[in-house]
Amino acid sequence: MADSESIKKMLRSVLQSSKSGVSISSLQSEYRTLCGEAIPLKKLGFSKLEDYLRSIPSVVRLDYRMGELKCFAAVCQETAHIAELVARQKNSKKCGPSKVINCKMRFKASNPYMLNVTPRSSLRQPSLAVASNWPANRSQTHGGYRGFSASGDYSLYDVSLVQRRITQLLEKYCSGMWMSKLPEVYSQMFKQKLHPQVLIDIEKWTHICQVEKPPSSNRADRLIYPPLPKPPTVSVKSTMKVAFSPSMNSAPSPPLKSSAVTASAEVRQKIKELLSKYSGGLWAHALPKLFMDTYKMPFPEHVLDNLFQLLDICTVEYPLPHDKNRVRKCLTQCVINGLEVLSPVVPPCLVVPSEQYPSVLVTEAKSSNAVTIRYVGVNYSHLHEAMEDVMASFYSQSSMQHPLSNPTVGQLVAVRGEDGDDLARAQVIEIMDSNKVKVYYMDYGLSVETSGTNLLHLHQDFLSLPFQATNVRLAGLEAFSSHPSVLSSLDTLAVGKILLMETLKSCEQNEVPVAVLYDTSEEEDLNINSTCLKALQDKTMNNPLTVFFLFVTNVCADGIMYCQLPSRGNTRLKKLLEQTEVYFISQMTSDYLVARPFSGKFCLARYKGQWARVEITSMHDNRVMEIVFFDFGVPATVEVTDLREIPPLFLKDFTLIPPQAIKCRLAELTVPEGDWSQEAVLWLKEATLGSEDCKMKIVKLDEHKGDKLVYMYLFIGVDSQELHKSINHQLDRSKLLHKFSSGGTGNTCWWHNNCTYRNRSRISQHNTNKYSGKPQVRYISLSSSFFQLGQNMDVFVPVACHPGYFVLQPWQDLHKLVVLMGEMMLYYNQTGKTNTVTQIQKREVYAAKIDKNWHRVQVKAILANGLVSVYELDHGKHELVRSTLIRPLIEEFRQLPFQAIAAQLAGVAQQQWSEEASMLFRNHVEKRALVAQVESVHQMSEVKGELWACRLTVYLVDTTMEDRDLWIHSIMTDINGELSSAA
């Protein structure tokens, strides 16, 4: 049945988003997060989740891992219907060979705070006469639950939830949609049927939509639009936005005293030049070093104590959590193919999806600076398909089938397909002869030659939908945009495929969007941009595996070694880096600061006091990122101010040289599953790092998708290559490999050099300002004195189980938490001191690495298999982590109070909540920004072993609607009553 198939598709999406599988115990919650409701087992005819999963082997594969039953996505073979839904590239529109469209795309994790705005603490109070916040006349629809069936019987539906969802839907369909399509689109987006009463009530919801019948249409249907937006506020002051570190005092600046030392005009100009490179803001503590590195002159320290001197060239503020999509950009693509549109009516601009990584179909790549894409998914393709269906019906009438006479270049037209059935919007780009024209399909991004008899007048009703094709530039490829190797790689890897796209923040107004493309259909994510750049490498400069002398540059936790060999590329690279060092010394300019970092970017950073090539591998935010020195195989976590652009003078030469570190493994070693023991890794590091007398004997070479792994015997300080003298045999005889190893990340590299966590005194100096905590306190919780009865607080809800238990984070301190996590990342990912094995104790507080980030946690239990049960003190989640990923929490990271606050909902009777009520509650509050009104504070200090000082009872209020506030307890009271009466 249709519902069953929909559930299978959504279940497959959940499973494909996790390479390591999903525990069967958490599958329902993962599914609920994506779909808003649990898998309806009873409706499907099953009482147990495992029985249902085993009945659909084409969707899910079950396997035991470490004693736990896990669910994995089965191989998907259903490409045809997805390709049809997403692309609809009709034969008449295709140019070049057809390509198979990939369908097994995984989701990429996004910023959890991205889609939430700051809540509003001034509340509209609920009516005192109606405790449930329903109007006295239940037929009105300003809040609560209501609805009438066709027979006049009262039928329940959640008005607030439906209104919010329709608002979200219309954000996607910003140009409007036919009312008749609303139930189908609503069902596909939210996996729930739309109550029929909504189609009657919706005309009264003028605060969320407009409903009208097009005057020029013979169709009996109506169109539904978003409400007209308010005109944007334009700032009169055109100063540059700068965000200084939260270590600065937030109090208003004092008036300028006559004795104050002012910044000179030269210093002010240089500061202005620096800040112009960082449109997202710059931390105050980074300014002195950056100033010195750029201009080779000391930064006037008094300026940091008198920031008010700079208010005419910048603003000083505390940043909110980083949000790549905090502004919904508008792409105008009326000149996408280089021609101005000749039409009295121009379609609205295409609104970029709110997702951080939307799916796109790449239709054409003339160069890396002109890649044509169209957004994929029901939210874009469905409305476009509906429009083309209407076009086909409209132009099938005999009165509309007359060919267009005298078409002109730039004119918008309707084009009939060669089979006579399909209709599409296009622009005339060339008149070839009296009966031959070349048109550009505005919704597909393709150019086609067609007969003039296929051109029809494009009715203005079909210009209400934005053109679906738009152009983007691929970041990092600007200097090689038309290089044959780049174009060939794009044609192979991108054109005709569905990919995920990350749009980078534009630095200039009206700039063509700059993007990074990812193919997530395989085991490893493929960064299309960096792969195209690597296609330019000169293979003759690769490490020659015929040379047996080598230099070991890194040893990883799983025994992987990175080595350099004498080569032509290595010699050339050293010379280029020496020239770059001299060049940077001579150029006192900010031009080479990295203003727009992104995953896959190639640039430079300091390694052991010298400039070295790096690739950004992942980004914590625009300030903190992970990199790899790919000529050494060494990872690092750095701030953006540590990076430099490769000067254009050397860019081509740097790009031609392949990475000089080769990946090796000691051959024929019997190694237990997982990471090596720390003793074995330490022994190998001490034996190899820094040695200049290393030789190897290659046993075999494995190569997978261009990634080479050399299996070798390693010899140090011996002339012969007798195997018993090799490092391999010495390590095997030491028995260090067989010591207990509780496992780890499998790819973590342990290293220590001068690119470590710098200037520890800076944190100690400013910890009381930065983290708003008292120094020399072992643990800090938000005490009961922090909260006042009746107080309205802006909060974020990271976890919600049911109205009797959920977790709050104070919104005002979320930016401090992001800063803290960035500092922890810099410290724990870099310092060599964190390799020490920790004696983990129950109830103690530590730092733990969870999903690439470091969190403050309390240990709840120590398991026998090397796993530790922990509670995230800032996010309120329970997690299992490897003991090897736990580190001591240093004093500097204990100053910010723990941000997770346990709470329960006020205004409702505390009880055993049903799954249906709990699910409704989670849909309304989890991962949302709300206002909490404090009703009572419960002291928790007497609870043994708990670090939070209190538990709150609060009212939760959704303030996102323009005309009213939604009090969550009202919803829960009403729905609980309805569920009780239904039972």
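Keep in mind it's a predicted model, so treat the numbers as computed, not measured.

(A) Spotlight on the overall build of the protein. When you go through the protein residue by residue, the secondary structure sums to 22 helices and 41 strands. The buried share among the 983 residues of the protein stands at 53%. A fraction of 68% describes how many contacts in the protein between residues 6 or more apart in sequence connect residues 24 or more apart. A total of about 44,600 Å² of accessible surface is found on the protein, and carbon and sulfur atoms cover 53% of it.

(B) Region of interest: the sheet that holds strand S33 (residues 845-850). Taken together, the five strands give an open sheet; going across it, the order is S36-S35-S34-S33-S37, and neighbouring strands pair in antiparallel fashion. Here the strands that pair on one side only, and so sit at the sheet edges, are strand S36 (878-882) and strand S37 (886-888). Pairwise comparison of adjacent strand axes, ignoring direction, gives a mean angle of 50° for this sheet. Strand direction decides the pairing type here: S33 and S37, joined by three bridges, are antiparallel. Within S37, the residue paired with alanine 847 across the bridge is arginine 887.

(C) Spotlight on the packing of helix H17 (residues 678-688) against helix H18 (residues 727-734). Put simply, H17 and H18 touch, their axes get as near as 11 Å, and they point 145° apart. Here H17 runs over H18; the crossing is right-handed. Between H17, through Ala680, Trp683, Leu684 and Ala687, and H18, the contact on the second element is made entirely by Ile727, Gln730 and Leu731.

(D) Spatial organisation of the sheet that holds strand S13 (residues 412-416). Here five strands make up an open sheet; going across it, the order is S16-S15-S14-S13-S17 and the pairing antiparallel. For this open sheet the edge positions go to strand S16 (446-451) and strand S17 (455-457), each flanked by a neighbour on one side alone. Pairwise comparison of adjacent strand axes, ignoring direction, gives a mean angle of 50° for this sheet. In terms of strand pairing, strand S14 (residues 423-433) meets strand S15 (residues 436-441) through six bridges, oriented antiparallel. The residue bridging isoleucine 431 from the neighbouring strand is valine 437, located in S15.

(E) Here's a closer look at the pattern of salt bridges. The full count for this structure, using the stated rule, is 21 salt bridges. The salt bridge involving glutamate 50 is made with arginine 54; its shortest N-O contact spans 2.9 Å. One end of the pair is glutamate 50 and the other is arginine 54, both in helix H4 (residues 49-54) and four residues apart, which spans about a single turn. The partly exposed category is assigned to arginine 54, whose relative accessible area is 48%. Two residues, aspartate 693 and lysine 695, come together in a salt bridge whose shortest N-O distance is 3.1 Å. When salt bridges with common partners are traced through the structure, they connect Arg164, Arg928 and Asp958 into a single cluster.

(F) Summary view of the packing of aromatic side chains. If you walk through the whole model with that rule in mind, you get 24 aromatic pairs. Arranged with centres 6.0 Å apart and planes meeting at 35°, the rings of tyrosine 395 and phenylalanine 462 form a pair that is tilted. Taken together, the residues tyrosine 395 in helix H12 (residues 378-395) and phenylalanine 462 in the loop between S17 and strand S18 (469-474) connect sequence positions 67 residues apart. Of the two residues, tyrosine 395 and phenylalanine 462, both sit in the buried class. The structure contains a cluster of three or more aromatic residues connected by ring pairs, namely Tyr583, Phe584, Tyr592, Trp611 and Phe650. It is lysine 270 that lies over the ring of tyrosine 295; its NZ or CZ is 5.1 Å from the centre. Here the guanidinium or amino end of arginine 374 rests over the ring plane of tyrosine 444, the centre of that ring lying 4.9 Å away.

(G) Quick peek at the environment of lysine 366. Within the secondary structure, lysine 366 sits in strand S11 (residues 359-367). What makes lysine 366 exposed here is its relative accessible area of 51%. Residues lysine 366 and serine 481, 115 residues apart in the sequence, show an inter-C-alpha distance of 9.0 Å.

(H) Here's a closer look at the nonpolar core. Of all hydrophobic cores here, the largest spans 37 residues; its most connected members are Ile271, Ile627, Phe629 and Leu643. When sequence neighbours within four positions are dropped, the list of residues in contact with isoleucine 271 reads Phe291, Phe299, Val303, Leu310 and Ile313. If you look at the next biggest cluster of nonpolar residues, it comprises 36 residues, including Val159, Tyr186, Met387 and Tyr440.

(I) Here's a closer look at helix H15 (residues 568-586). Compared with the 27 Å implied by 1.5 Å per residue over 19 residues, the 28 Å span of H15 between its first and last C-alpha is a close match. Turning to H15, its buried residues are Gly569, Asn570, Leu573, Leu576, Leu577, Thr580, Glu581, Tyr583 and Phe584. The buried side chains of H15 occupy one side of the element, clustering within an arc of 165° when seen end-on. Facing away from the buried surface of H15 by more than 90 degrees, the exposed residues are Thr571, Lys574, Glu578, Val582 and Ile585. In this structure, the buried residues of H15 make contact with strand S23 (561-564), strand S24 (602-607), strand S25 (610-619) and helix H16 (648-656).

(J) The arrangement of the side chain of asparagine 829 in detail. Position of asparagine 829 relative to the elements: it lies in the loop between helix H20 (814-828) and S33. At a separation of 2.7 Å, a polar atom in the side chain of asparagine 829 contacts the side chain of tryptophan 854. Filtering out sequence-adjacent residues up to four positions away, asparagine 829 remains in contact with Glu626, Thr637, Met824, Lys849 and Trp854.

(K) Molecular detail of unusual backbone geometry. Residues other than glycine seldom take positive phi values, yet aspartate 851 does so here, at roughly 55°. Structurally, aspartate 851 is set in the loop between S33 and strand S34 (853-862). A positive phi angle, close to 60°, is found at lysine 927, a residue other than glycine. With respect to the helices and strands, lysine 927 occurs in the loop between helix H21 (915-925) and strand S39 (928-939). In this structure lysine 927 comes out as partly exposed when scored by relative accessible area, which is 35%.

(L) A look at the pairing of strand S30 (residues 707-716). With respect to burial, S30 is a largely interior element, seven of its ten residues being buried. For strand S28 (residues 662-666) and S30, the ladder comprises four bridges, and the chain directions are parallel. Counted as the bridge partner of lysine 663 is leucine 709 from S30. Two elements, strand S29 (residues 694-704) and S30, share ten bridges in a ladder whose sense is antiparallel. The residue bridging methionine 696 from the neighbouring strand is leucine 714, located in S30. Counting the residues that bridge the hairpin from S29 to S30 gives two residues, and of these lysine 705 lies at a positive phi of roughly 55°.

(M) Quick look at helix H10 (residues 287-295). Leu287, Pro288, Leu290, Phe291, Thr294 and Tyr295 are the residues of H10 that are buried. All buried residues of H10 project into a common sector of 165° when viewed along the axis, lining one side.

(N) How the structure looks around the pairing of S24. Of all six residues in S24, five are buried; the element is thus mostly enclosed. Direction of pairing for S24 relative to S25: antiparallel, over a ladder of six bridges. Across the sheet, residue tyrosine 607 finds its bridge partner in S25, namely glutamine 610. Between S24 and the antiparallel strand that follows it, S25, lie two residues; lysine 608 among them carries a positive phi value of about 50°.

(O) Focus on the environment of alanine 906. Among the secondary structure elements, alanine 906 is positioned in the loop between strand S38 (901-905) and H21. In this view, alanine 906 contacts Glu935, Thr953, Val954, Tyr955 and His969; residues no more than four positions away in its chain are not counted.

(P) Main features of the packing of helix H6 (residues 159-172) against helix H7 (residues 182-190). At a minimum axis distance of 11 Å, the contact between H6 and H7 shows a crossing angle of 100°. Between H6 and H7, the interaxial angle falls into the category roughly perpendicular. Residues Val162, Arg165, Ile166, Gln168, Leu169 and Lys172 of H6 touch H7, and the partners they reach there are Leu182, Val185, Tyr186, Met189 and Phe190. Each residue belonging to the contact of H6 with H7 can be placed in one class, and the counts come to eight nonpolar, one polar and two charged.

Calculation rules
- Residues numbered from 1 in each chain as written.
- Predicted model: local features only at pLDDT ≥ 70, side-chain atom pairs only at ≥ 80, totals over all residues.
- Heavy atoms only, no water.
- Helix = DSSP H or I, 4+ residues; strand = E, 2+ residues; numbered from the N terminus.
- Buried < 20%, exposed > 50% of the residue type's maximum accessible area, 1.4 Å probe, protein only.
- Contact = heavy atoms within 4.5 Å.
- Areas by Shrake-Rupley, 256 points an atom, 1.4 Å probe, with all protein chains shown as cover.
- Pairing = 2+ DSSP bridges.
- Axes fitted to C-alpha atoms, helices over the stretch in contact; angles between N-to-C directions.
- Left-handed = near helix turned anticlockwise from the far one by under 90°.
- Salt bridge = Lys/Arg side-chain N within 4 Å of Asp/Glu carboxyl O.
- Phe/Tyr/Trp six-rings, centres within 6.5 Å; stacked < 30°, edge-to-face > 60°.
- Lys NZ or Arg CZ within 6 Å of the ring centre and 35° of its normal.
- Core = buried A, V, L, I, M, F, W, Y, C linked by side-chain atoms within 4.5 Å.
- Expected span 1.5 Å × (residues − 1).
- Arc of directions from axis to C-beta.
- Polar contact = N/O pair within 3.5 Å; in protein donor to acceptor, adjacent residues only side chain to side chain.
- Parallel < 35°, antiparallel > 145°, perpendicular 65-115°, else oblique.
- Nonpolar A, V, L, I, M, F, W, Y, C, P; charged D, E, K, R; others polar.

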